Amino acid sequence: MDERIRRVSDLLHEAGEVHHVVYRITDGADDDWASFYADWLIAHSELPETLGRTPIHSHLVHELVESERAFDAAKPGARWEDFYADRIVDRFA
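Residues numbered from 1 in each chain as written. Predicted model: local features only at pLDDT ≥ 70, side-chain atom pairs only at ≥ 80, totals over all residues. Heavy atoms only, no water.

For the rest of this paragraph, the subject is the nonpolar core. With 24 residues, the main nonpolar core has Val8, Leu12, Tyr37, Leu41, Leu60, Leu64 and Ile88 as its most contacted residues. Counting residues per element, the ones that place at least two in this core are α1 (3–22), α2 (33–44), α3 (47–51), α4 (57–74) and α5 (80–92). No other element matches the seven residues that α2 contributes to this core. The contacts of valine 8, once residues within four sequence positions are left out, are Leu47, Thr50, Leu51, Ala85, Ile88 and Val89. (Core = buried A, V, L, I, M, F, W, Y, C linked by side-chain atoms within 4.5 Å. Buried < 20%, exposed > 50% of the residue type's maximum accessible area, 1.4 Å probe, protein only. Helix = DSSP H or I, 4+ residues; strand = E, 2+ residues; numbered from the N terminus. Contact = heavy atoms within 4.5 Å.)

Structure (structure tokens):
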């Protein structure tokens, strides 16, 4: 696995943990989860440094939502973080 993909996968996992803590009262339920992830990834993680640029917020939200749809459709047998990370690096790096 490409080092950037592994790093983005780790950041996505970390974002998921933070999201779960923030939304603990609703057991993680958040219809606008992709906005939370994009905000956190851009402002509070090393994603911009890892990609070599800062993604536009709305583009990252879109990619997260599309990654979820593609993951659900493909059922790839991989961790969601790895699947999303591959797509994010491909689009933004």
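Once that is clear, we can look at the packing of aromatic side chains. Each aromatic ring pair is characterised by the separation of its centres together with the angle its planes make. For the structure on display, the rule yields six aromatic pairs. Ring geometry for tyrosine 37 versus tryptophan 80: centroids 6.2 Å apart, planes at 65 degrees, classification edge-to-face. Placement of tyrosine 37 in helix α2 and of tryptophan 80 in helix α5 is noted, with a sequence separation of 43 residues between them. Between the aromatic rings of phenylalanine 71 and phenylalanine 83, the centroid separation amounts to 5.3 Å while the plane-to-plane angle is 65 degrees, which identifies the pairing as edge-to-face. Here the residue phenylalanine 71 occupies a position in helix α4, and phenylalanine 83 occupies one in helix α5, the gap between them amounting to 12 residues. For phenylalanine 71, a relative accessible area of 18% puts it in the buried group. Taken together, the aromatic side chains of Trp33, Phe36, Tyr37, Phe71, Trp80, Phe83 and Tyr84 make up a single cluster linked through ring pairs. (Phe/Tyr/Trp six-rings, centres within 6.5 Å; stacked < 30°, edge-to-face > 60°.)

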